[in-house]
Amino acid sequence: MPHHSSGRSYPPVRRSATDLPEEYAQLRAGAPVAEVVMPSGDHAYLMSRYDDVRTVLSDARCSRAATVLPESPKLTAVPFDAGGLFTMDPPEHTRLRSLVAGAFTARRVELLRPRIRELADELLGPMAEGGGPADFNEAFAFPFPVAVICELLGVPFADREMFRGWSDAILSLTAHTAQEMLEHKLALVGYLQGLAAEKRRTPGDDLLSALVGVHDDEGPLTEHELITMAMTLLIAGHETTVGVLGTSVFTLLRHDGGLGLVPSGEEELAALVEELLRVNPIGDGGPLRVTTADIEVAGTKVAAGSAVIGAICSANRDESRFPDPDRFDPSRRGTAHLAFGFGPHYCLGAPLARAELQIALTALARCFPSLRLAVPAADVKMHTGLLVNRLESLPVEWG
Ligand code: HEM
């Protein structure tokens with residue numbers, strides 16, 4: 001495949017914080033398997049229809065492990081580290097994932113719910129005292145998911161500010177230099193090694209203690225696997241939730257009824273969160289895979305060794321699957337959206353992310369029933385990058 005030539009660039013550009021890149025509707029209609037140029041200059045095939053995106057996400061010939069081979073096309077100049085769930089295929093992936101899934105269960109998330117509620121209230125209290133207007137990102141969307149991850153991993157309270165500082169630096173795309181990001185990453189790895197040693201000595205009922213204890217026929221997680229897993233959970237679970245929390249609140253505040261749309265019934269609340277997840281993608285594309293064999297998608301032949309991207313954001317707006325797909329419809333049911341992916345890499349943190357969103361929206365609606373935008377919606381800007389979308393700020397007021 002040719003490298004470094006011109007063509008349609010990926011990710012496509014969006015016009016505003018509220019609309020997906022327009023290009024996707026055209027691609028779904030006329031070029032469901034489109035050749036694009038990634039920021040690295042390498043080419044990829046971009047799939048935009050629901051069924052094709054599902055295929056790319058779940059077909060064993062669309063590999064995660066191959067994305068880190070030196071000869072493979074790259075998304076950016078700096079790919080993910082090898083050795084974590086993000087860069088593995090079965091059977092290595094299956095082993096690691098089932099070891100972690102055994103510890104990171106829906107039951108553990110259920111047990112964590114009361115504590116997640118307290119964490120939400122601890123952040124909303126000071127926001128209310130401040131009197132508004134406030135930036136919802138700063139006051140809540142950013143600190144909340146990292147507080148939850150600290151709770152999940154069992155990071156002691158006294159260390160949380162330090163932990164948050166490192167993770168902010170690692171996740172920030174622009175605010176820190178590469179050197180600073182690396183230093184923070186090393187500091188965080190060092191910290192997690194110390195914490196894991198502590199959990200070995202005195203296990204608690206947190207996930208890190210559980211991960212220290214898990215093992216299968218091949219033995220326990222290695223130290224490297226353990227630390228990489230903790231980092232993966234932090235990276236996969238922090239900025240994604242920050243982004244979706246912000247855009248979800250923005251969606252509700254633009255809709256008649258505002259936070260009054262957050263229902264008290266469990267099932268209705270769950271359905272509202274699913275619809276918010278469908279319309280608020282974490283990015284303007286989807287995850288990268290590299291083909292390990294020749295495949296054919298929607299009649300197009302894709303040669304082995306090609307980069308393929310299943311555009312989750314577009315699949316979730318596919319008109320053949322979702323009637324009136326761009327409309328946020330709180331009464332929509334049973335959509336089977338792909339926001340958490342599909343197949344063997346389906347988001348491991350989905351139960352936690354759902355719990356966080358449900359709890360946050362409920363607490364917010366209770367504390368701030370009159371919450372509204374403090375600026376016109378058109379002034380709210382999306383920070384689009386390669387990894388995860390996030391509103392630059394979300395100014396809100398109440399009372
Ligand atoms: C609204 C929030 C979230 C969204 C939309 C989201 C979305 C996704 C998606 C689309 C994937 C699949 C990527 C692929 O197929 O290549 C994924 C994987 C993953 N997510 Fe999430 N995620 C969210 C929150 C979380 C949280 C809170 C955690 C954990 C604390 C988490 C942990 C993971 C992990 C570990 C994987 C890799 C799974 C694997 O490769 O087997 N995510 N997520």
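Residues numbered from 1 in each chain as written. Predicted model: local features only at pLDDT ≥ 70, side-chain atom pairs only at ≥ 80, totals over all residues. Heavy atoms only, no water.

1. Observations regarding the overall build of the chain
Then, in step 1: What the chain contains, in helices and strands, is 13 helices and 14 strands.
Then, in step 2: Computed over its C-alpha atoms, the radius of gyration of the chain comes to 21 Å, within 12% of the 21 Å expected for a compact globule of 399 residues.
Then, in step 3: A principal-axis box enclosing the C-alpha atoms of the chain has dimensions of 60 × 55 × 40 Å.
Then, in step 4: Among the 399 residues that make up the chain, the fraction classed as buried is 52%.
Then, in step 5: Residue pairs at least 24 apart in sequence account for 70% of intrachain contacts in the chain once pairs closer than 6 positions are excluded.
Then, in step 6: For the chain, the computed accessible surface area is about 17,500 Å², with 55% contributed by carbon and sulfur atoms.
Then, in step 7: In the chain, which carries 36 positive and 52 negative side-chain charges, the distance between the mean positions of the two groups comes to 3 Å. (Helix = DSSP H or I, 4+ residues; strand = E, 2+ residues; numbered from the N terminus. Rg over C-alpha atoms; globule rule 2.2 N^0.38 Å. Buried < 20%, exposed > 50% of the residue type's maximum accessible area, 1.4 Å probe, protein only. Contact = heavy atoms within 4.5 Å. Areas by Shrake-Rupley, 256 points an atom, 1.4 Å probe, with all protein chains shown as cover. Lys, Arg positive; Asp, Glu negative; His and termini not counted. Charge placed at Lys NZ, Arg CZ, Asp CG, Glu CD.)

2. Considering the nonpolar core
Then, in step 1: Of all hydrophobic cores here, the largest spans 90 residues; its most connected members are F104, M127, F136, F144, F163, L371 and L394.
Then, in step 2: Examining the composition of this core, we find that 14 residues originate from one element, helix α10 (residues 223-254), more than from any other.
Then, in step 3: Contact partners of F104, with chain neighbours within four places excluded, come to V109, L152, L207, L233, L348, G349 and L352.
Then, in step 4: Counting residues in each nonpolar core, the second largest holds 16 residues, with Y45, L57, V308 and F322 among its members. (Core = buried A, V, L, I, M, F, W, Y, C linked by side-chain atoms within 4.5 Å.)

3. Remarks on the coordination of the iron atom of the ligand
Then, in step 1: For the iron atom of the ligand, the sole protein-derived donor is C347 (SG), lying 2.3 Å away.
Then, in step 2: Note on placement: C347 falls in the loop between α12 (312-315) and α13 (350-367). (Donors = N, O, S within 2.8 Å, 3.2 Å for Na, K, Ca; no water.)

4. Points about unusual backbone geometry
Then, in step 1: In this model, Y10 is joined to P11 through a cis peptide bond whose omega is -5°.
Then, in step 2: Note the cis peptide between G132 and P133, where omega equals -5°.
Then, in step 3: Position of P133 relative to the elements: it lies in the loop between α4 (106-130) and β4 (134-135).
Then, in step 4: Of note in this structure, A336 is not a glycine but carries a positive phi near 50°.
Then, in step 5: Note on placement: A336 falls in the loop between α12 and α13.

5. Brief notes about the sheet that holds strand β2 (residues 43-47)
Then, in step 1: Reading across from one edge, β1-β2-β10-β7-β3 is the order of the 5 strands in this open sheet, with mixed pairing throughout. The open sheet has two edge strands, β1 (33-37) and β3 (62-63), and neither has a second partner.
Then, in step 2: Taken together, the 4 bridges between β2 and strand β10 (residues 307-310) define a ladder with parallel strand orientation. Of the residues in β10, the one forming a bridge with Y45 is V308.
Then, in step 3: Its contacts with the sheet put helix α2 (residues 50-58) on β2, β3, β7 (288-291) and β10, and the angle it makes with β10 is roughly 125°. (Pairing = 2+ DSSP bridges. Axes fitted to C-alpha atoms, helices over the stretch in contact; angles between N-to-C directions.)

6. Overview of the sheet that holds strand β14 (residues 395-397)
Then, in step 1: Strand order in this open sheet of 3 strands is β4-β14-β11, and the pairing throughout is antiparallel. Lying at the two open borders of the sheet, with one neighbouring strand each, are β4 and β11 (372-373).
Then, in step 2: Direction of pairing for β4 relative to β14: antiparallel, over a ladder of 2 bridges. When the sheet's bridge partners are listed, D135 is paired in β14 with P395.

7. What to know about the pairing of β2
It is a general feature of regular strands that their side chains alternate between the two faces of the sheet.
Then, in step 1: The element β2 is extensively covered by neighbouring structure, given that 5 of its 5 residues are classed as buried.
Then, in step 2: Connecting the antiparallel pair β1 and β2 is a turn made up of 5 residues, with G41 showing a positive phi of about 100°.

8. Some details on the packing of helix α6 (residues 143-153) against α10
When two helices pack together, you describe them by how their axes are tilted relative to each other and by the distance separating the axes.
Then, in step 1: Axis separation between α6 and α10 bottoms out at 8 Å; the angle between their running directions is 150°. In terms of orientation, α6 and α10 fall into the roughly antiparallel class. In this structure, α6 crosses over α10, and the sense of that crossing is right-handed. In this structure, α6 contributes F144, P145, V146, I149 and L153 to the contact, and α10 contributes A230, L233, L234, G237, H238, T241, V242 and L245. (Parallel < 35°, antiparallel > 145°, perpendicular 65-115°, else oblique. Left-handed = near helix turned anticlockwise from the far one by under 90°.)

9. Some details on the packing of aromatic side chains
Then, in step 1: Going through the model one piece at a time under the given rule, you end up with 7 aromatic pairs.
Then, in step 2: Relative to F322, the ring of Y50 lies with its centre 5.8 Å away and its plane at 80°, an arrangement referred to as edge-to-face. Note that Y50 is positioned in helix α2 and F322 in the loop between α12 and α13, a separation of 272 residues in sequence.
Then, in step 3: Given a relative accessible area of 1%, Y50 falls into the buried group.
Then, in step 4: Here F340 and Y346 contribute two aromatic rings whose centre-to-centre distance is 6.2 Å and whose plane-to-plane angle is 65°, an arrangement assigned as edge-to-face.
Then, in step 5: Of the residues examined, Y346 reaches a relative accessible area of 30% and is grouped as partly exposed.
Then, in step 6: Across from the ring centre of F250, 4.5 Å away, lies the NZ or CZ of R254, which sits over that ring.
Then, in step 7: Positioned over the ring face of F322 is R278, at 5.1 Å from the centre of the ring. (Phe/Tyr/Trp six-rings, centres within 6.5 Å; stacked < 30°, edge-to-face > 60°. Lys NZ or Arg CZ within 6 Å of the ring centre and 35° of its normal.)

10. Notes on the confidence of the model for the chain
Then, in step 1: The share of residues in the chain with pLDDT of 70 or more is 95%, and the mean pLDDT across the chain is 91.
Then, in step 2: Of the regions scoring below 50 in pLDDT, residues 1-5 engages in 12 contacts with residues more than four places distant in sequence or in other chains. (pLDDT = per-residue confidence, 0-100.)

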